[in-house]
Amino acid sequence: MELAPTLTGQTVQNQVREAGINPNYWYPVAWSTRLKAGEVMPVKIWGQAIAVFRDTQGQLQALEDACPHKGVALHKGEVSGDRLLCPYHGWEFNGAGQCVNIPYFPSDQKLPCAQARSYPVQEQLSIIWVFPGDPSEAEQVPLPTVPEYDDPNWLMVPIPGKFNAHFSICNENTMDVFHGFLHRNLQGWFDPKLLHLHQTDTDVEADYQVSYQGRLSQFLGMSDRGDRVTTRIISIRYRYPHYSNTLEGVSRMYLMRLPVSPTETRSFTLLFLKIRLPQTLVTVVRPLLSRVIWRFLLKPFLDQDVEMIESEQRTYEGDRQRRYVEVNPAIIALQRVILKQDGVQSSHPTSQSPHVDDSELASIP
Ligand code: FES
Ligand SMILES: [Fe+2]
């Protein structure tokens, strides 16, 4: 439905901060390069602890991170061929989660029925994806389409994000173009206007007008000339549970969201830029350029966002009844979608799992 793009005061529904996820989507869990053949790593999707391993042939597998024998975390084990070996007694599990060998069992004795839950897993866009919901639905659910991936006309900048906050707060930050004020010292955008807003049960589409000025904006392709104001339209699309946006063909962003727990969220973002440098130079220094842009030009923006997002979460936790006023109808629309999807299939965390190593943030493909 079309919604009026008028800014009006509305009370935020705090229940969105308690919303669960719809598990019947593919969620990103790691950059592909983080998991080599023969390695296993722990990941977590909305409290579900999962051991993802790459067998020695390079094939990905994902099992519940709890041994059916005594519950030990399987990610602490080791990969052997196409099996994951539990670290405690060495029981061996195949990719389907079946126990296929107990090293101290007589060879003629039948193995007990011991099965770890297995999850659909795949690798696309330099990202490992896991489907935590009903496995029979996994094949019908598409991943985000990213036509710019592998297109030499674009420079791809992978951006990792980690937030100690509920995913709704993170998603609102991505939809909220009115916070250019926060980034004013970094030559962010200014003069935002909401032009158009559309919402369905799964999507929110918002078009905003924004302006850019300065050398950094010019280098990144956002403004035509550093000394003049360039006004553009940014179209943001939240298609549950992930984001994409486009800035008039000069940049595109795909932000894939991982709700780790009610108070921890990650993002795996692919930003595509048309850099104002000779194409031959861009081609030669592509990986280095991508890292430099992320580390020195974009990370300062993200650091500012993290500070705001985590501040919101702390205040919310201090008083869950506190009332907030929102004026952007796109945020209210986003909250409606999140609550709607929570209602589709409620999934609440049931277990604690090993924390994912923060060093992952330092690694991008
Ligand atoms: S706990 Fe896993 S083999 Fe015993
Ligand atoms: Fe921001």
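Quick caveat: nothing in here was measured; it's all calculated off a predicted structure.

Peer 1: Help me understand the coordination of the iron ion (ligand 2) in this model?
Peer 2: Six octahedral donors at a metal ideally form angles of 90 or 180 degrees, and four tetrahedral donors ideally form angles of 109.5 degrees. Within the first shell, the iron ion (ligand 2) binds the protein through His179 (NE2), His183 (NE2), Asp305 (OD) and Asp305 (OD), at distances of 2.1 to 2.3 Å. Around the iron ion (ligand 2), the 4 donor atoms sit at angles spanning 57 to 138°, and that spread fits a shape best called irregular. In terms of primary sequence, the donors binding the iron ion (ligand 2) are separated according to H-x3-H-x121-D. The class of His179 is buried, set by a relative accessible area of 13%.

Peer 1: Explain the domain arrangement of the protein to me, please; I cannot follow it from the model alone.
Peer 2: Interfaces are frequently sized by the accessible area removed from exposure as the parts join. Per the domain assignment, the segments making up the protein are domain 1 (2-14 + 143-347) and domain 2 (36-136). Placing the centre of domain 1 and that of domain 2 at their C-alpha centroids yields a distance of 35 Å. In this assembly, 17 residues from domain 1 lie in contact with 11 residues from domain 2. Taken together, the links from domain 1 to domain 2 amount to 4 residue pairs in polar contact (both at pLDDT 80 or more).

Peer 1: I would appreciate a short explanation of the sheet that holds strand β11 (residues 121-124) in the present structure.
Peer 2: Strands pair in a sheet through their backbones, by hydrogen bonds, and they do so in one of two ways: parallel or antiparallel. The strand order across the open sheet formed by 3 strands is β3-β12-β11, and the pairing between neighbours is antiparallel. Every interior strand has two partners, whereas the edge strands, β3 (27-31) and β11, have only one. Each adjacent strand pair in this sheet contributes to an overall mean axis angle of 30°, direction not counted. Summarising the sheet, β11 and strand β12 (residues 127-130) pair through 4 bridges and their orientation is antiparallel. Looking at β12, one finds that Val121 is bridged to Val130.

Peer 1: Just checking my understanding: could you explain helix α1 (residues 167-175) for this structure?
Peer 2: Since one α-helical turn is 3.6 residues long, residues separated by three or four positions face the same way. Counting buried positions along α1 gives 9 out of 9 residues, so the element sits mostly inside the fold. All of the buried residues along α1 are Phe167, Ser168, Ile169, Cys170, Asn171, Glu172, Asn173, Thr174 and Met175.

Peer 1: Could you clarify how one ought to interpret the packing of aromatic side chains in this entry?
Peer 2: Aromatic rings in a pair are described by how distant their centres are and how their planes are angled relative to each other. If you walk through the whole model with that rule in mind, you get 8 aromatic pairs. Taken together, a centroid distance of 5.6 Å and an interplanar angle of 80° make the contact between Trp46 and Phe167 edge-to-face. With Trp46 in the loop between β4 (40-45) and β5 (48-54) and Phe167 in helix α1, this residue pair connects regions lying 121 residues apart in the sequence. We classify Trp46 as buried; its relative accessible area is 2%. Measuring from ring centre to ring centre gives 6.2 Å for Tyr238 and Tyr240, while their planes differ by 80°; the resulting arrangement is edge-to-face.

Peer 1: Which parts of the structure should I look at to understand the sheet that holds β5?
Peer 2: The strand order across the open sheet built from 3 strands is β4-β5-β6, with neighbouring strands paired in antiparallel fashion. Among the strands making up the open sheet, the edge pair consists of β4 and β6 (60-64). The sheet shows a mean angle of 30° between the axes of neighbouring strands, taken without regard to direction.

What counts, and where the lines are drawn
- Sequence order as written defines residue numbering, which begins from 1 separately in each chain.
- Chain A is the first chain written and ligand 1 is the first ligand written, with later ones labelled in order.
- Reporting in this predicted model follows two pLDDT cut-offs: at least 70 for local features of residues, and 80 or more for side-chain atom pairs to be given and counted; totals over whole chains, interfaces and linings ignore these cut-offs and use all residues.
- The side-chain numbers reported here are obtained from all heavy atoms of the structure, hydrogens and water having been left aside.
- Donor atoms (N, O, S) are those found within 2.8 Å of the metal centre, with the cutoff raised to 3.2 Å for Na, K and Ca; water is not part of the atom list, so apparent gaps in a site can occur.
- Sites are called tetrahedral only when four donors show all angles between 85 and 135 degrees, square planar or octahedral only when four or six donors show opposite pairs over 155 degrees and all other angles between 65 and 115, and irregular in any remaining case.
- The rule is simple: take the accessible area with a 1.4 Å probe, protein chains only, and divide by the maximum for that residue type; under 20% is buried, over 50% is exposed, in between is partly exposed.
- Throughout, the edges of the domains are those of an automatic or database domain assignment.
- Residues are treated as being in contact if the distance between any of their heavy atoms lies within 4.5 Å.
- Between N or O atoms, a polar contact is any pair within 3.5 Å; within protein, one atom must be a potential hydrogen donor and the other a potential acceptor, and residues adjacent in sequence are included only when both atoms are from side chains.
- The pairing criterion is simple: DSSP has to find at least two bridges between the two strands.
- Note on conventions: DSSP H or I runs of at least 4 residues are helices, E runs of at least 2 residues are strands, and numbering of each starts at the N terminus.
- Only the stretch in contact is used when fitting a helix axis, every axis being a line fitted to C-alpha atoms; angles between N-to-C directions are given from 0 to 180 degrees.
- A pair of Phe, Tyr and Trp rings is counted when the ring centres sit within 6.5 Å of each other, with Trp represented by its six-membered ring. The angle between the planes then sorts it: under 30 degrees is stacked, over 60 is edge-to-face, the rest tilted.

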